[in-house]
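Results of the structural survey
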Amino acid sequence: MAPVKLAEYLFTRLRQLGVESVHGVPGDFNLTMLDHVEPAGLNWVGNANELNAAYAADGYSRIMGLGAIVTTFGVGELSAINAIAGAYAELAPVVHIVGTPARQTQEARTLMHHTLNDGEYRRFSQMHAQVTVAQTRLWDPLTSAQQVDDALAKCLLHCRPVYIELPVDMVDALVSAERLQTPIFVPEPEPTANLDEVLAKIVSKLEAARQPIIYVDGESRPLRIVDAVQQFVSTTKWPTLTSPFGKGLVDETESNFVGVYQGQWGAKAVHDFVKESDLALCFGPHYSGTNTYMWNSIPQSKEAIEFTTSGIKIGSELYRDVSAKLVLARLLKELDVSKIKSYNPFPALPKYELLAPSAAPGDDIIKQDKVWKILANLIQPGDIVMGETGTPGFGVREMPMQKHCRVFSHVTWLSIGYMLPAAQGAALAQKELIASSKWHGIKKAKTILFIGDGSFQMTAQEMSTMIKHGLDIVIVLINNDGYSIERFIHGRKQGYNDVARWRYLEAPSFFGAPKDTYTASAKTWAELKTILGNDEVNNTRGLSMIEVVMEREDAPPGQLQKVLDMQIAREPKN
């Protein structure tokens, strides 16, 4: 078998793993590498900048299972590193490929551009070592193919970014093509000696529980147990709650789905029920402060069983390396449903409900207390729903989802501006999966982005990429005149929480959208009702944009409203 060029090998491997599009920005140290993207059967996206490209690759990876970005050395990769760190924090499998200067240039410590002009070429890779699970430098044709395979396997196994350096003089280096005939090996979990013991303890606790609950969190996705968790939810019919990170990973149309658990910030009846429960089954816990309402929504049941990336935790005892995937598979096979708690009738717990647009008073200004349950009328089966950090991120948590919807909400990293480029990446993956009939049998779906005016200004350029690739996206821009979430935390009257006042609905035209692109603005409930009844929104093709104008200090009910109230209470009284 004839050898192949190294860049061809790398991109062929990505294509074999299901990647169809590569994000990134051209630069002088990656240009010859990019010549190999399309011949490998991949689509070159071409983003407005490297930060946006990495955000988009992150969004793409969470839908497709793997994403890739190409940047140039130094200036390009450092523009992307914030997003790569976010992908690491929130477990998104992104392959970051960096085109670097030729080996001879680096070894000679030549004072090149895009360096710090000190002859040191390893600084940027050292930075990335802190935010990637594996790093490799393709320096020797004899070992480079193996290095590529190892890095990609670690990316898939750990569901976190990896970093690959490809010097310009190695792009056309010949490597053996024989490896391409063998799929990349990602280790599957092996049964440990105590697997049966752990399973028996779990079954015993399940059978003894009189008021059990299920709590689904976002690390169920990297654990690759989402389908099994759904089966467990459907089989037991136990009350099921999620974290913000877990929202969208289980079918919210199930009768036993309650909603996102907010601890003391949410409905009292739900909080009391969880506190009184004698067993919480926690799948894929990700207990960051912002994912748990400042640690308020970690289930405080009498007992807990946690299915984690480190092993199975029963109470305070961690059974390290016991596979959550294997245990759950065995549990589903061996559990006798007749021996566990049956909720009949189901407890009277408040659930998220859709509100008809007619439920809001006609000419009144739009308020946060109802708007999210009314905007949820936009959502159809198979849609991807994205809520940017800020009021939209809290708002989407209140929205009931249709079948096969995926949800992006702020979780841990909270880099504002992330969601707009991530929507581009997620929508592109969605489009590719629909085209290959792999999107739950759904032939038409869209991505809906809910984003505040301040966040929109961070990464607005990526609208042009959405338009260029004909992606089906509805952007709902919440115009509340600045960084409202920051106002709620501190400085509600301070100028540093203001942003420039853009003419937002002119953005699609400026970024190249067709003249018939649907745009609309609503300041009252009546205007919003008219928009929601428009067929162009409900059957969108390409980009649509809706501006919803609200007051500066109007917060969604719950945690944000209480944080604002506390700030007002602290202020000196006149």
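Residues numbered from 1 in each chain as written. Predicted model: local features only at pLDDT ≥ 70, side-chain atom pairs only at ≥ 80, totals over all residues. Heavy atoms only, no water.

Operational definition: UniProt positions are given in the numbering used here, feature names are shortened, and annotations may be inferred rather than shown by experiment.
The name that an unreviewed UniProt entry assigns to the protein chain is Pyruvate decarboxylase, with the source organism given as Metarhizium anisopliae. According to the UniProt record, the Catalytic activity (unreviewed entry) comment for the protein chain reads "a 2-oxocarboxylate + H(+) = an aldehyde + CO2". One UniProt comment on the protein chain, placed under Sequence similarities (unreviewed entry), says "Belongs to the TPP enzyme family."

**Details of unusual backbone geometry**
As a reminder of what qualifies: Helix numbering and strand numbering both begin at the N terminus, where a helix is a DSSP run of H or I of at least 4 residues and a strand a DSSP run of E of at least 2.
Cis peptide bonds are those with omega within 30 degrees of zero, and the linkage from Asn344 to Pro345 qualifies with 10°. Its identity is not glycine, yet Cys159 carries a phi of approximately 55°, on the positive side. Mapped onto the elements, Cys159 comes out in the loop between helix H7 (141-158) and strand S7 (162-167).

**So, helix H8 (residues 195-208)**
Spelled out, the test is: The span one expects for a helix is its residue count, reduced by one, times 1.5 Å. Only protein chains enter the accessibility calculation, which uses a 1.4 Å probe. A residue is then buried if its area is under 20% of the maximum for its type, exposed if over 50%, and partly exposed in between. Throughout, the arc means that of the directions going from the helix axis to the C-beta atoms. Here a residue-residue contact requires only that any non-hydrogen atoms of the pair lie within 4.5 Å.
Over its 14 residues, H8 runs 20 Å from end to end, which matches the ideal 20 Å to within 8%, given 1.5 Å per residue. Turning to H8, its buried residues number three or more, namely Leu195, Val198, Leu199, Ile202 and Leu206. One side of H8 holds all its buried residues, which, seen down the axis, span an arc of 100°. Buried positions along H8 lie against helix H9 (226-236), strand S12 (279-283), strand S13 (304-307), strand S14 (311-314), strand S15 (317-320) and helix H11 (324-334).

**Thoughts on the pairing of strand S18 (residues 447-452)**
Moving residue by residue along a regular strand, the side chains alternate between the two faces of the sheet. The line we're drawing: We call two strands paired when DSSP finds no fewer than two bridges between them.
Extensive coverage of S18 is indicated by the burial of six of its six residues. Of the two faces of S18, both are covered, the one formed by Thr447, Leu449 and Ile451 as well as the one formed by Ile448, Phe450 and Gly452. In terms of strand pairing, strand S16 (residues 384-387) meets S18 through four bridges, oriented parallel. Among the inter-strand pairings, Val385 is bridged to a residue of S18, identified as Ile448.

**Structural notes on the sheet that holds S12**
The condition that has to hold: Orientation is described by lines fitted to C-alpha atoms, with helices fitted over the stretch in contact, and by angles between N-to-C directions that extend from 0 to 180 degrees.
Strand order across the open sheet formed by seven strands is S11-S10-S9-S12-S13-S14-S15, with mixed pairing between neighbours. This sheet does not close on itself; its edge strands, each paired only once, are strand S11 (257-260) and S15. Within the sheet, the average angular offset between the axes of one strand and its neighbour, ignoring direction, is 15°. Where strand S9 (residues 212-216) and strand S10 (residues 240-242) come together, three bridges link them in parallel fashion. Among the inter-strand pairings, Tyr215 is bridged to a residue of S10, identified as Leu241. The strands touched by H8 within the sheet are S12, S13, S14 and S15, with S14 carrying the most contacts at an inclination of about 40°. Seen against the sheet, H9 touches S9, S10 and S12 and runs at an angle of roughly 155° to S9.

**Concerning the domain arrangement of the protein chain**
Formally: Note that domain bounds follow an automatic or database assignment of domains. Two parts lose some accessible area (1.4 Å probe) when they are put together, and adding that loss for both gives the buried area. What makes a salt bridge here is a side-chain nitrogen of Lys or Arg within 4 Å of a carboxyl oxygen of Asp or Glu, nothing more. Think of a polar contact as two N or O atoms within 3.5 Å of one another; within protein, one of them needs to be a possible hydrogen donor and the other a possible acceptor, and neighboring residues in sequence only count if both atoms come from side chains. Classes in brief: Ala, Val, Leu, Ile, Met, Phe, Trp, Tyr, Cys and Pro nonpolar; Asp, Glu, Lys and Arg charged; the others, Gly included, polar.
What the domain assignment reports for the protein chain is domain 1 (3-176), domain 2 (193-334) and domain 3 (357-570). Placing a centre on the C-alpha atoms of domain 1 and another on those of domain 2 gives a separation of 36 Å. Each partner contributes residues to the interface: domain 1 has nine residues there, and domain 2 has six residues. Between domain 1 and domain 2, the buried area comes to about 540 Å², and carbon and sulfur atoms account for 55% of it. Three residues, Arg62, Leu91 and Cys159, lead the burial of domain 1 against domain 2; their summed loss comes to 63% of the area buried on that side. Applying the counting criterion to the domain 1 and domain 2 interface returns zero salt bridges. Linking domain 1 with domain 2 are three residue pairs in polar contact (both at pLDDT 80 or more), by the criterion used here. Split by residue class, the side of domain 1 that touches domain 2 holds seven nonpolar, no polar and two charged.

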